[in-house]
Amino acid sequence: MSLHDQDDPALRAAQEERLRAVWKPPQGLFLRWTDTNNNRVGVWYVLTAFGFMLFAGVLALIMRTQLAVPDNELVSANSFNQLFTLHGSMMMFLFAVPMFEAVSIILLPQLLGARDLPFPRLSAFGYWSFLIGGVFVSGSIFFNAAPDGGWFMYPPLTTRTDLSGLGADIWMLGLSFIEVSSVAAAVELIVGVLKCRPPGMRLNLMPLYAWYILVVAVMILFAFPPLIAGDILFEMERLLDWPFFDANRGGDPLLWQHLFWIFGHPEVYIIFLPSIALFAMLVPTFANRHLLGYPWIVLAAVGTAFLSFGLWVHHMFTTGLPKISLAFFSAASEAVAIPTGVQIFVFIATLWAGRVTWSTPLLYATGSLAIFVIGGLTGVMVAVAPFDWQAHDSYFIVAHLHYVLIGGTLMPLFAGLYYYWPLITGKKLSDRLGRIAFWMLFAGANLTFFPMHLSGLMGMPRRVFTYPAELGLGGLNLLSTAGAYLFAAGVAVICVDLCLSPRRSKAQRNPWNAGTLEWLAHPDDEDWGIRSVPLIESRYPIWDQPDFVRKVDEGRFFLPDAEEGRRETIVTTALDARPLAVIRLGTPSVKPMLTAIALGGVFIFTTYHLYWAALACGVATLACTLWWLWTGTAEIPEKPCKPVGHGIELPLYLSGPAAPGWWAMFITMMADATAFSGLVFGYFFFWTRHADFPPADMASGPGMMWPMIALIVGMVGWLAAIAARNIHACGGVTPARVLLACGIVLSIAGAGAGLAGPWMSGLDPQLHSYPAIVWTLAIWTSAHAGVAAIMQSYALARSLAGKMDPHHDADLRNVSVYMHFYALTAIVTYATIGLFPEVA
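The notes below deal with the structure included here.

## Digging into a nonpolar patch on the surface
Next up, step 1: Residues Leu-166, Phe-605, Tyr-608 and Leu-610 make up a contiguous nonpolar surface patch of about 330 Å² in total accessible area.
Next up, step 2: Tracing the backbone shows Leu-610 in the loop between α19 (591–607) and α20 (611–632).
Next up, step 3: Classification of Leu-610 as partly exposed rests on a relative accessible area of 43%.

Quick look at the structure:
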């Protein structure tokens, strides 16, 4: 008889006591901060992002007060520039993306029937990085040092240190640090969705929220890294005077626009699709039926993501691009309305076909769709190049953007807040206050932004701190300001509702009668969450599977116990969710926080040109990272397998493509390769834009000899690492160690040879964009060679310490994944800088 077939209440009580002991949060305030349970990390994430939103909203109110009447002198032009730059930056970088990641960190484990996501310490690291970077950037305004070049920071105004102050460095380096946390969260979410689904939950049975989060997290991997590449070029110009954007020295400010908007337009859909995901969860609940068109909405989400990467140039219609480019990107900008429309009509059809229960969350959802559709219609208008030429940089664009963001992000989040608050706290928010707040928000949003369409068409330019009365725009601007205060009052009502929530009585379990897994949660649930990992046979198992909730509560499914006193969850196959193994999750630790603080020091000290302090923080970051990995990953278990119920035994160790760690390394390197492609794009962008690239006196570039030597040495090092992996797997521990040692030496030699080419050729990166981009590519590749040496040293040390053997070789297999990407980077870099000038 299996463990799950027993009905002994004493046995179940003992199991619950063991689970309670394992998942009990640390005691004391500081120790609670170091807890890495994703549910608690997610709550801190949400609260922090919400706080940044409120602060950014206050900045917006100050701007609207300044613009309420003509010739106002409430704030100066410089202060206004700081206000609108920081408002936009905070809303996009410190609220919209972090908020969706925070909500996902809370919801995904429960939606997937998992005890936690696979890398809870990585989530904690992401949170601390976000908090430190956010406070650094937003706090700058109190010292009159906030960025003032717009949330897009166009060169050359922002790259010339004589035209912009320290704020540009604070923006660039602070937000680069935050981008690290976004990529870290994306890795966690992708691996969580693909590898931590419950048995039986095939891809076509996943909740739509999980589908949307998977799509959006993949978008982050391809959208954020080009901006990181742009940030590198931007800071090298500011700090080292390397002329990537200086037209007088072969640079081009349009390169920044391309790299920024390759990120910037997918960013709109990165924050919109998670909001649609919330609709996909609450609409079926209040329609009291399954969502119609499941395959179509999945295809529409994927299609929206795909098309979003072909739209960035519609932000650049006025930059003088060729007409054929304008036509292509105009068509793509209009085509994205098709999959977006499919998603909206699926929700309408589901409500039409169901028995609708009107509720406060559904009220917010339908209202946000109405606002978003207006923003979408004006989006189609500005996708037409001739109209965009007229409306560009006017308040018409401000109106369009805010209709899209409020209808596609903010209002849906409020819908999700009212829907999921009972899941997080066990208490419902007030329907009365929620409806009052909704109508204030709905009226305030339209009153604020609809007049801006008119003022924009009448000639009101964006990003101006005042305007003369003769323009006749005072009335429209006063209406917009009144609407902004009404909208702010609606947000205040929601804040009051949240503050009153602790006084209310507990809600019943699953108060909305939803059908998806997250509503297995009970108001009095313990920290370990779901009682047992279920077997899934339907998209809405609470509705469709007989006695499903009772069986979960009684521990009749998988992994109902924590016999060894460890935090554990089940890993399954990516496609059909067959159980593969039980993985042990990270315990509460101070290491993610210390690593984030050290890494934050690198960015912050670099901002103030304190390079020795930044270097010390870099060394501390490396030390903390190695400490974290050494003590918290790839642990050899005390036994090979454990029973999980129903007569099934699963291994306690995985390596290679089946393991979450391998997936995490692969996904991280995909982001790294995308950032690298942004730098390579810069090289060929200069070549296509300038007939004299490379200049005649630099036509030979770094030459062929040193780049080819670096390439050959790098390839031999790659072969040594792969051979070490294969020989080690066959039991050849000593030969594998020798090969790893050789790989370390070769990686270091490859790094030196890669830098020798531009150095020996005398290329001065301050003279022209060509030597600057050559040096950048060489430094990038040599830095990756250095990381390869560190990773191989780590694997060798693990082997010598007895923490890795032929049957437990996850570290070595993960290093080999990195080496594949390093080899690709070396081939592209050295072929480009060593061969391309000769070919050109």
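Text resumes after the structure shown.
## Focus: empty space enclosed by the protein
The gaps of empty space that remain are located by a probe, the size of a water molecule, rolled over the atoms.
Next up, step 1: In the structure shown here, the tally under the stated rule is six cavities of 30 Å³ or more.
Next up, step 2: Considered as a void within the structure, the largest cavity measures approximately 60 Å³ in volume.

## Description of the packing of helix α11 (residues 337–353) against helix α12 (residues 360–382)
Next up, step 1: Running from N to C, α11 and α12 point in directions that differ by 155°, and their axes come no closer than 12 Å. What the angle tells us is that α11 and α12 run roughly antiparallel. For α11 against α12, the interelement crossing comes out left-handed. Judged by residue contacts, Ala-337, Thr-340, Ile-344 and Leu-351 of α11 engage Leu-362, Leu-369, Phe-372, Val-373 and Val-380 from α12.
Next up, step 2: Here the residues of the contact of α11 with α12 are counted per class, giving eight nonpolar, one polar and no charged.

## Notes on the pairing of strand β3 (residues 641–645)
Side-chain positions along a regular strand alternate between the two faces of the sheet.
Next up, step 1: Bridge count between β3 and strand β4 (residues 648–651): four bridges; the pairing is antiparallel. Across the sheet, the residue bridging to Lys-642 is Leu-650, located in β4.
Next up, step 2: Between β3 and the antiparallel strand that follows it, β4, lie two residues; His-646 among them carries a positive phi value of about 55°.

## Remarks on the side chain of Thr-781
Next up, step 1: In this structure, Thr-781 sits in helix α24 (residues 769–800).
Next up, step 2: Judged by relative accessible area, which is 0%, Thr-781 ranks as buried.
Next up, step 3: Once residues within four sequence positions are removed from consideration, Thr-781 is found in contact with Tyr-822, Thr-825, Ala-826, Thr-829 and Tyr-830.

## Considerations on the pattern of salt bridges
Opposite charge on two side chains permits them to pair, given that their charged atoms come into close proximity.
Next up, step 1: Using the criterion set out here, one finds 26 salt bridges in the structure.
Next up, step 2: Note that Glu-17 is salt-bridged to Arg-20, the shortest N-O span being 2.7 Å. Here Glu-17 pairs with Arg-20, and both are found in helix α1 (residues 9–23), just three residues apart, close to one helical turn.
Next up, step 3: Among the residues examined, Arg-20 registers a relative accessible area of 28% and is labelled partly exposed.
Next up, step 4: Put simply, Arg-689 and Asp-252 hold a salt bridge, and the shortest N to O gap is 2.8 Å.

## So, the nonpolar core
Next up, step 1: In terms of nonpolar packing, the biggest core is built from 235 residues, with Tyr-209 and Tyr-364 touching the most fellow members.
Next up, step 2: Not counting residues within four places of it along the chain, the set of residues in contact with Tyr-364 comprises Met-411, Phe-414, Ala-415, Tyr-418, Gly-434, Ala-437, Phe-438, Leu-441 and Ile-494.
Next up, step 3: Counting 24 residues, the second largest nonpolar core, distinct from the first, contains Ala-721, Ile-744, Val-815 and Tyr-822.

## With respect to the environment of Leu-363
Next up, step 1: In this fold, Leu-363 is placed in helix α12.
Next up, step 2: Along the backbone, Leu-363 and Thr-832 are 469 residues apart, and their C-alpha atoms lie at a distance of 56 Å.
Next up, step 3: Setting aside residues no more than four positions away along its own chain, Leu-363 makes contact with Arg-435, Phe-438 and Trp-439.

## Brief notes about the packing of aromatic side chains
Next up, step 1: Within this structure, the stated rule accounts for 54 aromatic pairs.
Next up, step 2: Judged by centre distance (5.2 Å) and plane angle (70°), the ring pair of Phe-387 and Phe-396 falls under edge-to-face.
Next up, step 3: Since its relative accessible area comes to 3%, Phe-396 is described here as buried.
Next up, step 4: Arranged with centres 5.3 Å apart and planes meeting at 65°, the rings of Tyr-683 and Phe-684 form a pair that is edge-to-face.
Next up, step 5: Tyr-683 sits in the buried class, given a relative accessible area of 1%.
Next up, step 6: An aromatic cluster of at least three residues, connected via ring pairs, comprises Phe-93, Trp-151, Trp-171, Phe-224, Phe-234, Phe-245, Trp-256, Phe-260, Trp-261 and Phe-263.
Next up, step 7: Between Arg-539 and the ring centre of Tyr-294, over which it is positioned, the NZ or CZ distance is 3.7 Å.
Next up, step 8: Looking at Arg-798, its charged tip hangs above the ring of Trp-630, at a distance of 5.2 Å from the centre.

## Regarding the packing of helix α15 (residues 431–457) against helix α16 (residues 474–500)
Next up, step 1: For the pair α15 and α16, the least separation of the axes is 7 Å and the interaxial angle reads 155°. The orientation of α15 relative to α16 falls into the category roughly antiparallel. For the crossing formed where α15 meets α16, the hand is left-handed.
Next up, step 2: Residue composition of the contact of α15 with α16, grouped by class: 21 nonpolar, seven polar and one charged.

Rules and cut-offs
- For every chain, the first residue of the written sequence is number 1, and numbering continues from 1 along that sequence.
- The predicted origin of the model limits local features to residues at a pLDDT of at least 70 and limits the giving and counting of side-chain atom pairs to 80 or more, whereas totals for whole chains, interfaces and linings rest on all residues.
- Side-chain metrics rest on all non-hydrogen atoms present in the structure, leaving aside hydrogens and water.
- Patches were defined on residues exceeding 30% relative accessible area and lacking a salt bridge, with like-charge contacts within 9 Å and nonpolar side-chain contacts (Val, Leu, Ile, Met, Phe, Trp, Tyr) within 5 Å.
- Methods summary: accessible areas were calculated by the Shrake-Rupley approach with a probe of 1.4 Å, and residue burial reflects only the protein chains presented.
- Any Lys or Arg side-chain nitrogen located within 4 Å of an Asp or Glu carboxyl oxygen qualifies as a salt bridge.
- Every helix listed is a DSSP run of H or I at least four residues long, and every strand listed is a run of E at least two residues long, numbered separately from the N terminus.
- Partly exposed residues are those whose accessible area sits between 20% and 50% of the maximum for their type, while under 20% is buried and over 50% is exposed, using a 1.4 Å probe and protein chains only.
- Put simply, the grid is 1 Å and covers the protein atoms alone, a cavity is a trapped set of points that fit a 1.4 Å probe, a pocket is an open set with protein on both sides within 12 Å along at least five of seven lines, and lining residues have an atom within 4 Å of a point.
- Grid points are joined across faces, edges and corners, and a volume is the space filled by probe spheres set on the points.
- In this analysis, axes come from line fits to C-alpha atoms, helices being fitted only over the stretch in contact, and the angle between any two N-to-C directions falls in the range 0 to 180 degrees.
- Angle categories: roughly parallel below 35 degrees, roughly antiparallel above 145, roughly perpendicular from 65 to 115, and oblique for all the rest.
- In a left-handed crossing the near helix is turned counterclockwise from the far helix by less than a right angle, and in a right-handed crossing that turn is clockwise.
- Residue contacts follow a heavy-atom distance rule, with two residues in contact if any of their heavy atoms lie within 4.5 Å.
- Side-chain classes are defined by residue name, with Ala, Val, Leu, Ile, Met, Phe, Trp, Tyr, Cys and Pro counting as nonpolar, Asp, Glu, Lys and Arg as charged, and the others, Gly among them, as polar.
- Two strands qualify as a pair provided DSSP detects at least 2 bridges between them.
- Only buried residues count toward a nonpolar core, which is a set of Ala, Val, Leu, Ile, Met, Phe, Trp, Tyr and Cys residues joined through side-chain atoms within 4.5 Å.
- When two rings of Phe, Tyr or Trp (its six-membered ring) have centres within 6.5 Å they constitute a pair, described as stacked for plane angles under 30 degrees, edge-to-face for angles over 60, and tilted for the intermediate range.
- Counted as over-ring charges are cases with an Arg CZ or a Lys NZ within 6 Å of the ring centre that also lie within 35 degrees of the ring normal.

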